[in-house]
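The chain contents come next:
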Amino acid sequence: MTRVLSRRAFLWTGAAAVAGVGLYTWGVEPHWVELVRRPMPLEELPPALEGRTLLQVSDMHVGPRVDAGYLASALRDAAALDPDFVVVTGDFVSAGTADEHRDLAAVLGHLPHGRLGTVASLGNHDYGRAWSQLDVAAQVASVARDAGVDVLRNETRLIGGLQFAGLADLWSPEFAGLSAMRALVPTADLQPDVAATLARLDRRRPTVVLCHNPDALDLPLWDGVRGWVLAGHTHGGQCKPPFLPPPILPVRNKRYTAGAFDVGPGRTLYVNRGLGHLLRARFNVRPEITLFTLDSA
Ligand SMILES: [Fe+2]
């Protein structure tokens, strides 16, 4: 009898634990934002930028699977930090439908604007189906621009002495600029390619590159580029067992989970875990907003 009871108690305890973890993974952690603060040492930083802050938001994934009220509230909290620069590193939306564009406009109404500037790059989801719809990318960029976000599609900007580049997404047709693509779709609004954008950077200026997919760092494009490359895309894997890497990571280089990586002479990659999600499940990988403080290297 005791044995039966203890076995039953054991099974109930196990079931309750599984239900508890499931509830936490679905109901708590996906909306439990961690504010990560870190220094951003930069060479040639003008004295006027010393101590200024740069806020990174990534992978909001506006769409039916992410609660718009949660995103708005997280962005309002971030606004209280009063950042000098704000950057968004792609995946504004999930599928790029008309509904998502409307919801994106509402969510971006809560995005703080940097006192000096607000810039962004696009992510693979911002290019719609199969990451290939340039008209969807143009619409996402247009909604973001209407909300005061300067979306850089293979473009550079100099803002208050800090040089930014925003790259097209690695999986999009814009990444390589693709002269071949231009031949295939002569009317497409193709931007200059990533290599040309990086080549245009002034090597003597402090530089922040926005590049959604960290796998791009392993391509032979970065010679002489110094500074920081801010990325997202991985969502940190969304779920990971303690002390082990996440089982699912949408990158070729499995080293690029989340956090900072030394990726070359004078070059640091930072992978943000994102604010939204694809499926609503996070375990041991809280959503993130990052606040960098600029510092002379
Ligand atoms: Fe994403």
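Residues numbered from 1 in each chain as written. Predicted model: local features only at pLDDT ≥ 70, side-chain atom pairs only at ≥ 80, totals over all residues. Heavy atoms only, no water.

Chemist: Hey, could you run me through the coordination of the iron ion in this one?
Modeler: Ideal geometry at a metal centre gives angles of 109.5 degrees when four donors are arranged tetrahedrally and 90 or 180 degrees when six donors are arranged octahedrally. Note on the iron ion: its protein donors are D59 (OD), H61 (NE2), D91 (OD) and H235 (NE2). The metal-donor distances range over 2.1 to 2.3 Å. Given four donor atoms and angles of 87 to 176° at the metal, the environment of the iron ion is assigned as irregular. When the donor residues of the iron ion are listed from N- to C-terminus, their spacing reads D-x1-H-x29-D-x143-H. Residue D59 is found in the loop between β2 (53-57) and α2 (68-79), and its partner D91 is found in the loop between β3 (85-89) and α3 (98-108); the two are separated by 32 residues along the sequence. The two residues D59 and D91 agree in class, both being buried. (Donors = N, O, S within 2.8 Å, 3.2 Å for Na, K, Ca; no water. Tetrahedral: all angles 85-135°; square planar, octahedral: opposite > 155°, others 65-115°. Helix = DSSP H or I, 4+ residues; strand = E, 2+ residues; numbered from the N terminus. Buried < 20%, exposed > 50% of the residue type's maximum accessible area, 1.4 Å probe, protein only.)

Chemist: Quick question: what am I supposed to make of the packing of aromatic side chains here?
Modeler: One pair of aromatic rings is described through two measures. These are the centre distance and the angle between the planes. In total, this model carries six aromatic pairs according to the counting rule given. On the basis of an interplanar angle of 55° and a centroid distance of 5.6 Å, the ring pair of F85 and F164 is categorised as tilted. Within this pair, whereas F85 is found in strand β3, its partner F164 is found in strand β7 (residues 162-166), the two being separated by 79 residues in sequence. Consider the rings of W228 and F292, whose centres lie 5.7 Å apart with planes at 65°: the pair is edge-to-face. With a gap of 64 residues between them, W228 in strand β9 (residues 227-231) and F292 in strand β12 (residues 288-296) connect regions that are remote in the sequence. Each member of the pair, W228 as well as F292, carries the same accessibility label: buried. Over the ring of W26 we find R280; its NZ or CZ atom is 3.9 Å from the centre of that ring. (Phe/Tyr/Trp six-rings, centres within 6.5 Å; stacked < 30°, edge-to-face > 60°. Lys NZ or Arg CZ within 6 Å of the ring centre and 35° of its normal.)

Chemist: Mind showing me how you'd approach the nonpolar core here?
Modeler: Soluble globular proteins tend to pack their nonpolar side chains together in the buried interior. Judged by nonpolar contacts, the single largest core of 35 residues is most densely connected at M60, F92 and L275. Looking at this core, the elements that each hand over two or more residues are β2, α2, β3, α3, α4 (134-146) and β12. For this core, the element with the most residues is α4, which contributes seven residues. (Core = buried A, V, L, I, M, F, W, Y, C linked by side-chain atoms within 4.5 Å.)

Chemist: Even after reading the chapter, I still don't get the sheet that holds strand β1 (residues 34-42), so can you show me in this structure?
Modeler: Strand pairing in a sheet is mediated by backbone hydrogen bonds. Such pairs are either parallel or antiparallel. Strands sit in the order β1-β12-β2-β3-β4-β5 across an open sheet of six strands; the sheet is mixed. Only two strands of the sheet have a single neighbouring strand rather than two, namely β1 and β5 (150-151). Of the strand pairs in this sheet, β2 and β3 are connected by four bridges, and their pairing is parallel. Residue V57 lies in a different strand from β3, and its bridge partner there is V88. (Pairing = 2+ DSSP bridges.)

Chemist: Looking at this structure, how should I read the pattern of salt bridges?
Modeler: Any two side chains of opposite charge can pair, given that their charged atoms come close. For the coordinates displayed, the defined rule picks out 13 salt bridges. For the salt bridge of E174 with R153, the shortest nitrogen-to-oxygen distance reads 2.5 Å. Placement of the pair is E174 in the loop between β7 and α5 (179-184) and R153 in the loop between β5 and β6 (155-159), with a sequence separation of 21 residues. For the residue pair E174 and R153, the accessibility class agrees, reading buried in each case. The partner of E288 in a salt bridge is R273, with the nearest N and O atoms 3.7 Å apart. Remark: R273 occurs in the loop between β11 (267-271) and β12 and E288 occurs in strand β12; sequence separation between them is 15 residues. (Salt bridge = Lys/Arg side-chain N within 4 Å of Asp/Glu carboxyl O.)

Chemist: Would you explain the pairing of β7 in this entry?
Modeler: Regular strands place side chains that alternate from one sheet face to the opposite one. Counting buried residues along β7, five of its five residues qualify, which places the element largely inside the surrounding structure. Neither face of β7 is left uncovered, since the one carrying L162, F164 and G166 and the one carrying Q163 and A165 both have all their residues buried. Two elements, β6 and β7, share five bridges in a ladder whose sense is antiparallel. Within the sheet, the bridge partner assigned to E155 lies in β7 and is G166. Remark: two residues form the turn of the hairpin made by β6 and β7, two consecutive strands paired antiparallel; G160 in that turn has positive phi of roughly 55°. Relative to strand β8 (residues 207-210), β7 is paired through four bridges, and the arrangement is parallel. Of the residues in β8, the one forming a bridge with Q163 is T207.

Chemist: Hey, could you run me through the pairing of β11 in this one?
Modeler: The element β11 is extensively covered by neighbouring structure, given that four of its five residues are classed as buried. Between the antiparallel neighbours strand β10 (residues 259-262) and β11 lie four residues, among them G264 with a positive phi of about 145°.

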